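Structural description and commentary
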Amino acid sequence: MKFKDYKYERPNMEVFETEYKALLEEFKTAKDAKEQNHLLTKLSELRNSVETMFALANARYTIDTRDEFYLVENEFTDENMPRLQGMLVEFYKELLASPYRKELEEDWGGQIFAIAETELKTFKPEILELLQQENKLVSEYKSLRASAEIEMDGKILNLAQMVPYRQSKDREVRKEASAKMFGFFAENEAKFDDLYDRMVKIRHKIALELGYENYVELGYYRMTRTDYNASDVAGYRKQVAETLVPMSVELKKRQQKRLGLAEFKYYDEPINFVSGNPTPKGTPEFLVDCAKTMYSEMSMETKEFFDFMTERELMDLESKAGKAGGGYCTFFADYKSPFIFSNFNGTSGDVDVLTHEAGHAFQVFQSRNYALSEYVWPTLEACEIHSMSMEFFAWPWMDKFFKEDEAKYKFEHLESALNFIPYGVTVDEFQHFVYENPEASPKERRAKWREIEKKYLPYRDYADNDFLENGGFWFMQGHIFSRPFYYIDYTLAQVCAFEFWNKQQENREEAWEDYLRLCRAGGSKSFLDLLKVANLHNPFKDGTIAEIAKPIKAYLDVVDDSKF
Ligand code: ZN
């Protein structure tokens, strides 16, 4: 059976709710743990049947946004997702009230209860209207961003289309492109300020309504973080400042030297090599063939996984008319099938799809048989370990994809991963300030942003750009608006992926076994417990980052990047 034969049928939400409530009633009145156990599986199956349809509608809509049938079905999905979530809240209440919790925990572990508890900590019916207002503001932010029409090179371009110009080898071009791109944000400064201010105030109000002091703790629960808190993250950021920032400053100096620039300005940062960025050498079909060889040689499990993906045509990779932008990996529960969506564009990003997104897909394929829907994916920081580590497990095959650019690709891969972490913690620290000080003015927020930037990105020179010098850069970081406190997850995962990179240098088989065990654990454990499963160090523990960074630095130090 192929993806195109996966059957979509609009779920009847009334029928679903009636059946789900009936199962919940049975669960409530069950005579013993065995009966409740059986009902847990049935509740998940019913939920899966609806989620599979939602995911199919969304995938087919993004593949061709002009398809009127799926356009309507995708709207149906958006409208009805909250109804499904409402049912889940009911389920979590009953689960926590179970008199057989101890027995259930023996079978399923404690994570399902931890998830249920955090879900209930983030919701009560009184906040429904505020949540809707919040969602509306997020959509407004997206439309405002999407409204960008920037004149460049005799064309009218959107923000994504500005990227190649910002990376131009011609300094004047990239200077102009960066100035124009940020010019869009500067022109709309009042609008972005106002939108964000309203978001912060609504989130603060939701937090107060739910009994929190401010949004910070609630924000962590909304990310389903059950085993670390804001003070752990503050300690982690301190490690980054002490260990990774000096390394990053060093790397930026090398970049400046490679580019042969007397002064290194913000608009020089997007270009890494005078000779251009490393690119994959071949057509999309060639790249998929390379991936097929790679996964068949990597392990038995990856071979089975990638054969499944290709035989069932579960990857829609190439750009085509009508297709939505971006890339993602999703899962069709009823078919136990991951699905990868992307827009190949000839850059190294195409290979990332076949390693990073495939890493996500590989994990969910490994945990596809969990009876509980909650255990199929873990929390987001753990999810990114699978994907970012797969990028590193793929290294031995990068010569196939990049040919003469292999060494350049590897250098850039590690370098950009390392440089990313200080930026990621900048985004995080800023948000802690914002939600701890909900009454701060937009001007105070911008001043704080610039202050934090100076701590983690000390090399950054905004030249004569007043908007950026006054702290406006974060307007372009969508996560700050749409998903508070999410960003740190990428950095945590990157640190863990670095540890996998290190382990591979020492003992690839062992590293792979650890990785496979992690993927198989899916979402059955919390973040820190998953790290234990994978024999990874706790990044919050003082000294961990310094230890992990040593071999990375040693590798980068001896690369002769002057030849790139
Ligand atoms: Zn990812």
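Structure's up top.
Residues numbered from 1 in each chain as written. Predicted model: local features only at pLDDT ≥ 70, side-chain atom pairs only at ≥ 80, totals over all residues. Heavy atoms only, no water.

**Thoughts on the sheet that holds strand S4 (residues 328-332)**
Strand order in the open sheet formed by three strands is S3-S5-S4, and the pairing between neighbours is mixed. Since the sheet does not close on itself, it has two edges, and those belong to strand S3 (315-318) and S4, each with one partner. Averaged over all adjacent pairs, the angle separating strand axes in this sheet is 15°, with direction ignored. Bridging between S3 and strand S5 (residues 337-344) involves three bridges; their strand directions are parallel. Directly across from Glu318, in S5, lies its bridge partner Phe344. Most of the contacts of helix H14 (residues 349-366) go to S5, to which it runs at about 165°, and overall it touches S3, S4 and S5. (Pairing = 2+ DSSP bridges. Helix = DSSP H or I, 4+ residues; strand = E, 2+ residues; numbered from the N terminus. Axes fitted to C-alpha atoms, helices over the stretch in contact; angles between N-to-C directions. Contact = heavy atoms within 4.5 Å.)

**Overview of the pairing of S4**
With five of five residues buried, S4 is to be regarded as a mostly interior element. The alternating pattern of S4 places Tyr328, Thr330 and Phe332 and Cys329 and Phe331 on opposite faces, both of which are buried. Where S4 meets S5, five bridges bridge the pair, whose relative direction is antiparallel. Bridge pairing in S5 links Tyr328 to Phe341. Count of turn residues in the S4/S5 antiparallel hairpin: four residues, of which Lys336 carries a positive phi of about 45°. (Buried < 20%, exposed > 50% of the residue type's maximum accessible area, 1.4 Å probe, protein only.)

**A look at helix H22 (residues 508-521)**
An α-helix turns once every 3.6 residues. As a result, residues three or four positions apart point the same way. In this model H22 runs 20 Å from its N-terminal to its C-terminal C-alpha over 14 residues, within 8% of the 20 Å that 1.5 Å per residue would give. Of all the residues in H22, the buried ones are Ala511, Trp512, Asp514, Tyr515, Leu516, Leu518, Cys519 and Ala521. Of the surrounding elements, those touching the buried residues of H22 are helix H12 (284-298), helix H13 (300-311), H14, helix H15 (380-393), helix H21 (488-506) and helix H23 (527-533). Its side-chain oxygen 3.3 Å from the backbone nitrogen of Glu509, Asn507 forms the N-cap of H22. One or two residues past the end of H22 sits Gly522, with phi positive at roughly 50°. (Expected span 1.5 Å × (residues − 1). Polar contact = N/O pair within 3.5 Å; in protein donor to acceptor, adjacent residues only side chain to side chain.)

**Structural notes on the packing of aromatic side chains**
For the coordinates displayed, the defined rule picks out 70 aromatic pairs. Consider the rings of Phe192 and Phe475, whose centres lie 5.2 Å apart with planes at 35°: the pair is tilted. Of the two residues, Phe192 sits in helix H9 (residues 189-209) while Phe475 sits in the loop between helix H19 (466-469) and helix H20 (478-482), which places them 283 residues apart along the sequence. Each of the two residues, Phe192 as well as Phe475, counts as buried. In this structure, Arg368 packs its charged tip against the face of Phe365, placed 3.8 Å from the ring centre. Positioned above the aromatic ring of Phe473 is the side chain of Arg460, whose terminal nitrogen or guanidinium carbon lies 5.0 Å from the ring centre. (Phe/Tyr/Trp six-rings, centres within 6.5 Å; stacked < 30°, edge-to-face > 60°. Lys NZ or Arg CZ within 6 Å of the ring centre and 35° of its normal.)

**Some remarks on unusual backbone geometry**
Not every positive phi belongs to a glycine, and Thr224 is a case in point at roughly 55°. With respect to the helices and strands, the residue Thr224 is situated in the loop between helix H10 (215-222) and helix H11 (230-259). On the basis of relative accessible area, Thr224 is assigned to the buried category, the value being 16%. Positive phi is not limited to glycine here, since Lys403 has a value of about 45°. Turning to its location among the elements, Lys403 is positioned in the loop between helix H16 (398-402) and helix H17 (406-436). Residue classification places Lys403 among the partly exposed residues on the basis of a relative accessible area of 42%.

**Let's talk about H13**
The terminal C-alpha atoms of H13 lie 16 Å apart, and with 12 residues this matches the ideal 16 Å at 1.5 Å per residue to within 8%. Contacts from the buried residues of H13 go to H12, S3, S5, H14, H15 and H22. Measuring from the side-chain oxygen of the N-cap residue of H13 to the backbone nitrogen of Glu301 gives 3.3 Å; that N-cap residue is Ser299. Following H13 by one or two positions, Glu313 has its phi on the positive side, about 55°.

**Notes on the coordination of the zinc ion**
Protein-derived coordination of the zinc ion comes from His356 (NE2), His360 (NE2), Glu384 (OE) and Glu384 (OE), at a distance range of 2.1 to 2.5 Å. Here the zinc ion is ringed by four donor atoms whose angles at the metal span 53 to 142°, and the overall shape comes out irregular. In terms of primary sequence, the donors binding the zinc ion are separated according to H-x3-H-x23-E. Taken together, the residues His356 and His360, both in helix H14 and four residues apart, mark about one turn of the helix. Residue class for His356 comes out buried when judged on its relative accessible area of 14%. (Donors = N, O, S within 2.8 Å, 3.2 Å for Na, K, Ca; no water. Tetrahedral: all angles 85-135°; square planar, octahedral: opposite > 155°, others 65-115°.)

**Thoughts on the pattern of salt bridges**
Should their charged atoms come close, side chains of opposite charge can pair. What the rule picks out here adds up to 55 salt bridges. Close ionic contact of Asp153 with Lys155 constitutes a salt bridge, the shortest N to O distance being 3.4 Å. In this structure, Lys238 engages Glu242 in a salt bridge whose closest nitrogen and oxygen atoms are separated by 3.5 Å. Taken together, the residues Lys238 and Glu242, both in helix H11 and four residues apart, mark about one turn of the helix. We classify Lys238 as exposed; its relative accessible area is 53%. Salt bridges here are not isolated pairs; linked through shared partners, they connect Lys252, Glu269, Arg450, Glu453, Arg460 and Glu469. (Salt bridge = Lys/Arg side-chain N within 4 Å of Asp/Glu carboxyl O.)

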